[in-house]
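Structure assessment
Chain by chain, the residues run as shown.
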Amino acid sequence: MIKPYVLAPGSKIGILGGGQLGKMTALAAAGLGYKTSIFCPDPDSPAFICCDHALIAEYDDETALKMFADQVDVITFEFENIPLKSAEFLSQYRPLYPAAHILKITQHRLYEKDFLNQINIPTTLYISIKNDEDINNARSFTGFPAILKSARMGYDGKGQISVQDYSDLKKAWDQLGQVESILEAKVNFLCEISVIVARNIHGQIECFEPVENIHKHHILYETRVPASISDDLKKQSLVIAEKIAQELKLIGVLAIEMFVVEDQLLVNELAPRPHNSGHWTLDASYTSQFEQLVRAICGLPLGSPKRHSNAVMINLLGDDIKKWQSFLQDPTIKLHIYGKTEPKPGRKMGHITKVFPLEK
């Protein structure tokens, strides 16, 4: 077991994944005096432009992973679809935060829902679909209409099929390739919110306040802070976030997506990394989610998650990035360009954050 420690500036942080989250984490690390090494198979990764070292290899290449571990003092990741076996392998050589056991839960939608229900965190109604017997047993499922999701992988709406009633289930499962899946009841929610919680090596916990998320075609389009929910729901969301962080023994940051259903919150998904809905923290909070991650895994005191401004964050998807010059005409807009090579429909190429003064 790794004892609590403090990594001094000048130490090197290893980041698995070279996308925009890795890039913004590397920039935050540099601001605190840390070096970074990025491990990613894609030679055009955006994070490579701002790190001290880049290693291009497949995530299951154990020779490359060992070389990576030897170069760094602590390891984190910017997306949760890295092979669990690779995370466990790296954990033998260097501290990996969040830990591999958290990755195992959050990579698998059934494990995640089971975990949440075991600690009495409410979720939507769900059942497991693994074989033809499960399909037959689903006749008694009371959650239709529902969504059939692959248990592993999938994001931004990928690996999901709407199922109106039981008669559609077998066809939907065939479309997913008969992989292990979860059938979740659709929720008639008022809005979706998310909370990002951080916990450091010493057990200190800080939560960014809940934000309101708007999706288009299953992809996050806009995040608003403050969220338009009651103070009671805000308190509920923070209690839920802290409980999950404690139960997981989190070290790092964790994003928790929740549905607002009347006066109740249902947890939808967990992401053990910086999250798209937390990008507003770069421009409207005293501490960004990326700096908070660096602080957490290096054993530093966590920064203040409070915001100094209201904000609206909008993703720039596909060709939206071509309007970059027009965004700069508004001095209250902060433009963030990720540096990806080719705009594609639905691809996150950057984001803008419009900041507003706090209400007096």
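Anything mentioned here points back to the structure above.
Presented here is a report on the structure given in the accompanying data block. Numbering of residues starts from 1 in every chain and runs along the sequence as written. Since the coordinates come from a predicted model, pLDDT governs what is reported: local features require at least 70, and pairs of side-chain atoms require 80 or more to be given and counted, while whole-chain, interface and lining totals use all residues. Side-chain measures here rest on the full set of heavy atoms in the structure, leaving out hydrogens and waters.

**Concerning the sheet that holds strand S2 (residues 35–39)**
Selection criterion: Following DSSP output, two strands are said to pair if at least two bridges run between them. The helix count covers DSSP runs of H or I at least four residues long, the strand count covers runs of E at least two residues long, and both are numbered beginning at the N terminus. The axes are straight lines fitted to the C-alpha atoms, using for helices just the contacting stretch, and the angles between their N-to-C directions are given from 0 to 180°.
Pairing within the open sheet is parallel, and its four strands lie in the order S3-S2-S1-S4. For this open sheet the edge positions go to strand S3 (53–55) and strand S4 (74–77), each flanked by a neighbour on one side alone. Within this sheet the neighbouring strands show an average axis-to-axis angle of 25°, counted without direction. Here strand S1 (residues 12–16) pairs with S4 via four bridges, running parallel. Bridge pairing in S4 places Leu16 opposite Phe77.

**Looking at the nonpolar core**
In summary, soluble globular proteins display a tendency toward joint burial of nonpolar side chains. Note the following rule: Throughout this description, the term nonpolar core refers to a set of buried Ala, Val, Leu, Ile, Met, Phe, Trp, Tyr and Cys residues connected via side-chain atoms within 4.5 Å. Each residue gets one of three labels from its accessible area relative to the maximum for its type: buried under 20%, exposed over 50%, partly exposed in between, using a 1.4 Å probe on protein chains only.
Counting 62 residues, the largest nonpolar core has Ile13, Leu16 and Phe39 as the members making the most contacts within it. Among the nonpolar cores identified, the runner-up in size contains 28 residues, and Leu116, Val195, Ile244 and Ala245 belong to it.

**Considerations on a nonpolar patch on the surface**
The following threshold applies: Nonpolar side chains (Val, Leu, Ile, Met, Phe, Trp, Tyr) within 5 Å and like charges within 9 Å form the patches, drawn only from residues with over 30% relative accessible area and no salt bridge. Accessibility throughout is a Shrake-Rupley quantity obtained with a 1.4 Å probe, and a residue counts as covered only by protein chains that appear here. A side-chain nitrogen of Lys or Arg and a carboxyl oxygen of Asp or Glu constitute a salt bridge if their distance falls within 4 Å.
Residues Trp324, Leu328 and Ile337 make up a contiguous nonpolar surface patch of about 280 Å² in total accessible area. Among the secondary structure elements, Leu328 is positioned in the loop between helix H11 (324–327) and strand S16 (333–337). For Leu328, a relative accessible area of 49% translates into the label partly exposed.

**What about the pattern of salt bridges?**
With the rule as written, the count across this model stands at twelve salt bridges. As a salt-bridge pair, Arg273 and Glu80 come within 2.4 Å of each other at their nearest N and O atoms. Here Arg273 is found in the loop between strand S14 (264–271) and helix H9 (281–284), whereas its partner Glu80 is found in the loop between S4 and helix H3 (84–91), with 193 residues between them in sequence. Assessed through its relative accessible area of 16%, Arg273 is described here as buried. Classification of Glu80 as buried rests on a relative accessible area of 13%.

**Quick look at the sheet that holds strand S6 (residues 146–150)**
Strands in a sheet are paired, the pairing made by backbone hydrogen bonds, and the direction either parallel or antiparallel. How we decide: Here a residue-residue contact requires only that any non-hydrogen atoms of the pair lie within 4.5 Å.
The strand order across the open sheet formed by four strands is S5-S8-S6-S7, and the pairing between neighbours is antiparallel. The sheet terminates laterally at strand S5 (126–129) and strand S7 (160–163), the two strands that pair on one side only. Between one strand and the next, the sheet's axes are offset by a mean angle of 25°, whatever the strand orientation. Note: S5 against strand S8 (residues 181–185), four bridges, orientation antiparallel. Paired with Ser128 across the two strands is Ile182, which belongs to S8. The strands touched by helix H5 (residues 109–118) are S5, S6, S7 and S8; relative to S5, the strand with the most contacts, the crossing angle is about 145°.

**Notes on unusual backbone geometry**
Of note, the amide linkage connecting Tyr97 to Pro98 takes the cis form, showing an omega dihedral of -10°. Relative to the helices and strands, Pro98 is located in the loop between H3 and helix H4 (100–106). Note that the residue after Phe144, namely Pro145, is joined by a cis bond; omega there is -5°. Along the polypeptide, Pro145 turns up in the loop between helix H6 (132–137) and S6. One non-glycine residue, His218, lies in positive phi territory at about 70°. Looking at the element boundaries, His218 is found in the loop between strand S11 (211–216) and strand S12 (219–225). Given a relative accessible area of 56%, His218 falls into the exposed group.

**Structural notes on the pairing of S1**
Burial runs high along S1: five of the five residues are buried. By the alternation rule, side chains of S1 split into Lys12, Gly14 and Leu16 and Ile13 and Ile15, which are all buried. For S1 and S2, the ladder comprises five bridges, and the chain directions are parallel. Bridging from a neighbouring strand, Leu16 pairs with Phe39 of S2.

**With respect to H5**
Three or more residues of H5 are buried, namely Arg109, Leu110, Glu112, Lys113, Phe115 and Leu116. At the exit of H5 stands Asn120, carrying a positive phi of roughly 65°.

**Regarding the packing of aromatic side chains**
Put simply, the test is: When two rings of Phe, Tyr or Trp (its six-membered ring) have centres within 6.5 Å they constitute a pair, described as stacked for plane angles under 30 degrees, edge-to-face for angles over 60, and tilted for the intermediate range.
Going through the model one piece at a time under the given rule, you end up with seven aromatic pairs. Aromatic side chains Tyr59 and Phe79 sit 5.6 Å apart centroid to centroid with 55° between the ring planes, which places their arrangement in the tilted category. Placement of Tyr59 in the loop between S3 and helix H2 (62–71) and of Phe79 in the loop between S4 and H3 is noted, with a sequence separation of 20 residues between them. For Tyr59, a relative accessible area of 13% translates into the label buried. Its relative accessible area of 25% is what places Phe79 among the partly exposed residues. Ring geometry for Phe189 versus Phe259: centroids 4.5 Å apart, planes at 15°, classification stacked.

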